[in-house]
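Geometric and topological summary
If you want the building blocks of each chain, they are given just below.
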Amino acid sequence: MNIFFFAFVIWSQAGIIRATRAAAPHAWRRHLHLMLDAFRAERAHHLPEPPLIRTRFERTLIAVDCHQVECGEEE
């Protein structure tokens, strides 16, 4: 595991927090525990995609930041 792996965990948590903050403000805790259980070594298997390389990770950060401030793109 590397720093990029943890970014995925954080990004998924952010979506859960945004989606549930009004109706179920603590739902993120369940999601986090499900994610941590899924990452246990005994459940490990070959992943279908390689991890992000640094340049793709940085491009993703820019896209996430841009989306958060709505960079003028229409959905």
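Before going into details, it helps to say that this report is about the structure given with it. (Residues numbered from 1 in each chain as written. Predicted model: local features only at pLDDT ≥ 70, side-chain atom pairs only at ≥ 80, totals over all residues. Heavy atoms only, no water.)

Notes on the overall build of the protein
Quick reminder of the rule: Here a strand is any run of E in DSSP of at least two residues, a helix any run of H or I of at least four, and the numbering for each starts at the N terminus. Only the protein chains shown count as covering a residue, and every accessible area follows the Shrake-Rupley method with a 1.4 Å probe.
Of regular secondary structure, the protein possesses three helices and zero strands. Secondary structure elements of the protein, listed N to C terminal, follow the sequence α-α-α. Accessible surface computed for the protein: about 6,800 Å², of which carbon and sulfur atoms make up 61%.

As for the packing of helix H1 (residues 3-20) against helix H2 (residues 27-38)
Selection criterion: Angles run from 0 to 180 degrees between N-to-C directions of axes, and those axes are lines fitted to C-alpha atoms, restricted for helices to the stretch in contact. Angles below 35 degrees are treated as roughly parallel, those above 145 as roughly antiparallel, those between 65 and 115 as roughly perpendicular, and all remaining angles as oblique. Here is the rule for handedness: rotate from the far helix to the near one, and if that takes an anticlockwise turn smaller than a right angle the crossing is left-handed, while a clockwise turn gives right-handed. The contact criterion used is simple: two residues touch if any of their non-hydrogen atoms lie within 4.5 Å. Each residue receives one of three labels: charged for Asp, Glu, Lys and Arg, nonpolar for Ala, Val, Leu, Ile, Met, Phe, Trp, Tyr, Cys and Pro, and polar for the others, Gly being one of them.
Two numbers describe how H1 lies on H2: the axes approach to 9 Å, and their chain directions differ by 155 degrees. When the interaxial angle is binned, H1 and H2 end up roughly antiparallel. Crossing handedness for the pair H1 and H2: right-handed. Only Ala27, Trp28, His31, Leu32 and Met35 of H2 make contact with H1, whose side of the interface consists of Val9, Ser12, Gln13, Ile16, Ile17 and Thr20. Partitioning the contact of H1 with H2 into residue classes produces seven nonpolar, four polar and no charged.

What about the pattern of salt bridges?
Put simply, the test is: What makes a salt bridge here is a side-chain nitrogen of Lys or Arg within 4 Å of a carboxyl oxygen of Asp or Glu, nothing more. Accessibility here uses a 1.4 Å probe with only protein chains present; expressed as a share of the type maximum, an area under 20% marks a residue as buried, one over 50% as exposed, and anything in between as partly exposed.
All chains considered together, the criterion is met by two salt bridges. We note a salt bridge from Arg54 to Glu58, for which the minimum N-O separation is 3.2 Å. Taken together, the residues span about one helical turn, with Arg54 and Glu58 both in helix H3 (residues 54-68) at a distance of four residues. For Arg54, a relative accessible area of 54% gives the class exposed.

Section: the packing of aromatic side chains
Quick reminder of the rule: Working definition: a ring pair exists when centres of Phe, Tyr or Trp rings (six-membered ring for Trp) sit within 6.5 Å. Plane angles under 30 degrees give stacked, over 60 give edge-to-face, the rest tilted.
In this structure the tally under the stated criterion is one aromatic pair. An angle of 25 degrees between the planes, with centres 5.9 Å apart, marks the rings of Trp11 and Phe57 as stacked. With Trp11 in helix H1 and Phe57 in helix H3, this residue pair connects regions lying 46 residues apart in the sequence.

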